[in-house]
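Listed below, chain by chain, are the residues.
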Amino acid sequence: MDAKQYGDRHSVRLRGYDYALNGAYYVTICAFQKQKLFGEFRESIFQISEFGLIVQNEWHRTAELRKYVFLDEYIIMPNHIHGILVIDNPNQDQLPRHYEKERKNYAASLGGIMINFKAAVTKQCRLIVNNTNQEIWQRSYYDHIIRNEDDLNRCREYIIQNPSNWNNDELFLP
């Protein structure tokens, strides 16, 4: 029997890795049930929705609110967002290790950043539709730890090319 059928979930994070470490991270966050909440393509031009504008504004606020976070390439698609963010925390040496498990200063980790981003978007979108049960995001998110300049450039290129590859994207739903 499929474990997912019964709600058993496992982490997609790299076991033992400290996601508060300074470095670059590529993330993909999907809309709930891959719904086209953030916009749509019309004649090959992306028309961002009101929810999509909230996603865009909160993505930028992520770096404004956290002086140790820098944003690189990102793209909002109809049912997901891809982005590269860089954690460069000058106080990293003062943070406790094993931090994902202990939850000490969790907000400074990639997981904490993603939780806060998703929560801020959800809160604003729910206000627009006046529905406190409106689901915006799928559970969790995909991440990739960017290891070097070549890897960074591949992630950037993927993000830049994503709109032109939309019809072949694994997240594409007609």
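Our structure's up above, just so we're on the same page.
Keep in mind the model is a prediction, meaning the values are calculated, not measured.

## Quick word on the packing of aromatic side chains
- With the rule as written, the count across this model stands at 11 aromatic pairs.
- Taken together, a centroid distance of 6.4 Å and an interplanar angle of 80° make the contact between Tyr-26 and Tyr-158 edge-to-face. On the criterion of sequence distance, the pair formed by Tyr-26 in strand E1 (residues 23-30) and Tyr-158 in helix H4 (residues 149-161) is long-range, its members being 132 residues apart.
- For Tyr-26, a relative accessible area of 7% gives the class buried.
- Look at Tyr-158 and you get partly exposed, because its relative accessible area is 41%.
- Ring geometry for Phe-38 and Trp-137: centres 5.2 Å apart, planes at 40°, overall tilted. Of the two residues, Phe-38 is situated in the loop between E1 and strand E2 (39-42) and Trp-137 in the loop between helix H3 (110-129) and strand E6 (142-146); the sequence distance between them amounts to 99 residues.

## Some thoughts on the side chain of Asn-162
- Following the sequence through the fold, Asn-162 ends up in the segment after H4.
- Classification of Asn-162 by relative accessible area gives buried; the value is 1%.
- When near neighbours in sequence (up to four residues on either side) are disregarded, Asn-162 contacts Ile-75, Met-77, His-80, His-82 and Asp-169.

## Quick word on unusual backbone geometry
- One non-glycine residue, Lys-34, adopts positive backbone phi at about 55°.
- Structurally, Lys-34 can be placed in the loop between E1 and E2.
- In this structure Lys-34 comes out as partly exposed when scored by relative accessible area, which is 29%.
- If you check the backbone angles, Ser-140 has positive phi at about 65° while not being a glycine.
- Examined against the element boundaries, Ser-140 turns out to sit in the loop between H3 and E6.

## Looking at the sheet that holds E1
- Spatial ordering of the open sheet is given by E4-E5-E1-E6, a layout of 4 strands whose pairing is antiparallel. Two strands close off the open sheet at either side, each with one partner strand: strand E4 (69-77) and E6. On average, adjacent strands in this sheet sit at an angle of 15° to one another, irrespective of strand direction.
- Direction of pairing for E4 relative to strand E5 (residues 80-87): antiparallel, over a ladder of 7 bridges. Bridge assignment links Tyr-74 to a residue of E5, and that residue is Gly-83.
- Contacts from helix H1 (residues 50-65) reach E1, E4 and E5, with the element oriented near 170° to E4.

## Overview of the nonpolar core
- One finds Phe-38, Leu-85, Leu-110, Met-114 and Trp-137 to be the most contacted residues of the largest nonpolar core, which totals 29 residues.
- Looking at this core, the elements with two or more residues in it are E1, H1, E4, E5 and H3.
- Residue contributions to this core peak at 6 residues, all from H3.
- Sequence-distant contacts of Leu-85, defined by excluding residues within four places in its chain, comprise Gly-23, Ala-24, Tyr-25, Trp-59, Val-69, Phe-70, Leu-71, Leu-110, Ile-113 and Met-114.

Conventions used here
- Residues numbered from 1 in each chain as written.
- Predicted model: local features only at pLDDT ≥ 70, side-chain atom pairs only at ≥ 80, totals over all residues.
- Heavy atoms only, no water.
- Phe/Tyr/Trp six-rings, centres within 6.5 Å; stacked < 30°, edge-to-face > 60°.
- Helix = DSSP H or I, 4+ residues; strand = E, 2+ residues; numbered from the N terminus.
- Buried < 20%, exposed > 50% of the residue type's maximum accessible area, 1.4 Å probe, protein only.
- Contact = heavy atoms within 4.5 Å.
- Pairing = 2+ DSSP bridges.
- Axes fitted to C-alpha atoms, helices over the stretch in contact; angles between N-to-C directions.
- Core = buried A, V, L, I, M, F, W, Y, C linked by side-chain atoms within 4.5 Å.

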